[in-house]
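Chains, contacts and geometry: an overview
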Amino acid sequence: MAGTITRVGTCVRHLAQVGLKAAGVTLSWSTSLAPIARGLERTNFHGCTVSLRGGVGAAAGSAMAAIEVGRLIRDAPASASYASRSGSRVGLAATVATVAGGCAGLVDDLDAGAHDGDAPAKGLKGHLTALAHGRVTTGALKIAVIGSGALVGGVLLARHRSVGAGGRPPVVTAVDAASSAIVIASWANLLNLLDLRPGRALKTASIVSAPLLATPGREGEPARLLAAGTLGVSLMALPEDLMEDTMLGDTGANAVGALLGTALACHPCRAVRAGAAFTGVGLVLASEKVSFSRVIADTPALAALDALGRRP
């Protein structure tokens, strides 16, 4: 009984530690950039001037969460954590995916379409079509960088699970790596697609990550910790995003999405990982034909949640 209470206490302490560190870094980076962020100002859908410093802060907080998760899992006693035997792979996977998402998004934000030509490419199809015609857009660069980061993360997570299972056939590990990469990349892109209205992407990240805090078992520790980091970043960045003082931009949305995607890809249940892959890919593909904003506006429950806390 005493051992169980101790383990639960340690788990809660680690979740709080990751969440608070991620939130603190998010706030400190966003705040410290305020005096020098004139070059990061953009006009949002309301015509208001907002700053991308919030996205830079969210990306920094996401990277910190990934690093801290790797440290906690790696340093845990082998008897206390299943993941401690290969915990460095989890932290490295999350860090690579998150930093790739943030850096690719930052390039896109700073470029602001300057290299897209007279007809800016829109959506996944638009960027791939432009690439097929020999025109490299920042969106195509994002696909390559985020995809590469997700693939590295997927391979590391698959290797982590293979070691935990005492070894698996190479084909099983390869399929696991590919599916994990799909989860990470699709959710990094999905959160960016949702970042069309204040708070929408961050609310989505919070809603999806919150249930992951209850992922059961020692095998669920990576998912729980990464979810805590996602939640810490999202809740800290949300108020300024809702008040339209800052915005995520591609920098923040891709980074937070990659962190959330890695948390989903870490889930010990194969069905959950498969569901995350189908949901992420399905919604990304649907966005090519369907307006998320229109669907949300036409669905009363979604519209109420979307508008919650937002300025009129």
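This is a predicted model, so every value here is computed, not measured.

Here we come to a nonpolar patch on the surface. Among the surface-exposed residues, Val107, Leu141 and Val145 lie close enough to one another that they form a single nonpolar patch of about 190 Å² accessible area. Along the chain, Val145 turns up in helix α5 (residues 138–164). The exposure class of Val145 is partly exposed, given its relative accessible area of 30%.

Bringing unusual backbone geometry into the picture now. Positive phi, normally seen in glycine, also occurs at Glu244, with a value near 65 degrees. Tracing the backbone through its elements, the reader meets Glu244 in the loop between α8 (221–242) and α9 (249–265).

Geometry of a packed helix pair, given as the angle between the helix axes and the separation of the axes. Look at helix α6 (residues 170–194) against helix α10 (residues 270–286): their axes get within 8 Å of each other, and the N-to-C directions meet at 45 degrees. For the element pair α6 / α10, the angle class is oblique. For the pair α6 and α10, the crossing hand works out as left-handed. Along its contact with α6, which presents Asp176, Ile182, Val183, Ser186, Trp187, Asn189, Leu190 and Leu193, the element α10 presents Arg273, Ala276, Ala277, Thr279, Gly280, Val281, Leu283 and Val284. In terms of residue class, the contact of α6 with α10 is made up of ten nonpolar, four polar and two charged.

The subject of this paragraph is helix α7 (residues 200–212). Between the first and last C-alpha of α7 there are 19 Å, a value that for 13 residues agrees with the 18 Å anticipated at 1.5 Å per step. Turning to α7, its buried residues number three or more, namely Arg200, Ala201, Leu202, Lys203, Thr204, Ala205, Ser206, Ser209 and Leu212. Where α7 is buried, its residues contact α6, α8, α9, α11 (292–297) and α12 (300–307).

In this section: the side chain of Glu68. Looking at the secondary structure, you find Glu68 in helix α2 (residues 53–75). Engagement of the side chain of Glu68 in a polar contact is seen with the side chain of Lys21, the distance being 3.3 Å. Separated by 2.7 Å, the side chains of Glu68 and Arg71 make a polar contact.

Here we come to the environment of Ile146. Note on placement: Ile146 falls in helix α5. On the accessibility criterion, Ile146 (11% relative accessible area) is buried. Residues Ile146 and Thr98 lie 48 residues apart in sequence; the distance between their C-alpha atoms is 8.7 Å. Apart from residues no more than four positions distant in its own chain, Ile146 is found in contact with Ala100, Gly101, Ala104, Ala185, Ala188 and Asn254.

For the pair α7 and α9, interaxial distance at closest approach is 11 Å and the crossing angle is 25 degrees. Of the possible angle classes, the one that applies to α7 and α9 is roughly parallel. Seen along the crossing, α7 lies across α9 with a hand that is left-handed. Contact residues: α7 offers Ala205, Val208, Ser209 and Leu212, while α9 offers Val256, Leu260, Ala263 and Leu264.

Moving on, we come to the pattern of salt bridges. In the structure shown here, the tally under the stated rule is eight salt bridges. The closest approach of N and O atoms between Asp250 and Lys142, which form a salt bridge, is 2.8 Å. Separated by 108 residues along the polypeptide, Asp250 in helix α9 and Lys142 in helix α5 bring together distant segments of the chain. The buried category is assigned to Asp250, whose relative accessible area is 15%. Here Asp176 and Arg161 are joined by a salt bridge, their closest N and O atoms 2.9 Å apart. In this pair, Asp176 sits in helix α6 while Arg161 sits in helix α5, placing the two residues 15 residues apart along the sequence. Classification of Asp176 as buried rests on a relative accessible area of 6%. Within the structure, one salt-bridge network assembled from shared partners comprises Lys21, Glu68 and Arg71.

This part covers the nonpolar core. Counting residues in each nonpolar core, the largest one holds 53 residues, and the members touching the most others are Trp187 and Leu226. The biggest single contributor to this core is α8, with nine residues. Leu226 has contacts with Ala66, Val69, Val90, Ala94, Leu259, Thr262, Ala263 and Cys266, leaving out every residue within four places of it along the chain.

The rules behind these values
Residues numbered from 1 in each chain as written. Predicted model: local features only at pLDDT ≥ 70, side-chain atom pairs only at ≥ 80, totals over all residues. Heavy atoms only, no water. Patch = residues over 30% accessible without salt bridge, like charges linked within 9 Å, V, L, I, M, F, W, Y side chains within 5 Å. Areas by Shrake-Rupley, 256 points an atom, 1.4 Å probe, with all protein chains shown as cover. Salt bridge = Lys/Arg side-chain N within 4 Å of Asp/Glu carboxyl O. Helix = DSSP H or I, 4+ residues; strand = E, 2+ residues; numbered from the N terminus. Buried < 20%, exposed > 50% of the residue type's maximum accessible area, 1.4 Å probe, protein only. Axes fitted to C-alpha atoms, helices over the stretch in contact; angles between N-to-C directions. Parallel < 35°, antiparallel > 145°, perpendicular 65-115°, else oblique. Left-handed = near helix turned anticlockwise from the far one by under 90°. Contact = heavy atoms within 4.5 Å. Nonpolar A, V, L, I, M, F, W, Y, C, P; charged D, E, K, R; others polar. Expected span 1.5 Å × (residues − 1). Polar contact = N/O pair within 3.5 Å; in protein donor to acceptor, adjacent residues only side chain to side chain. Core = buried A, V, L, I, M, F, W, Y, C linked by side-chain atoms within 4.5 Å.

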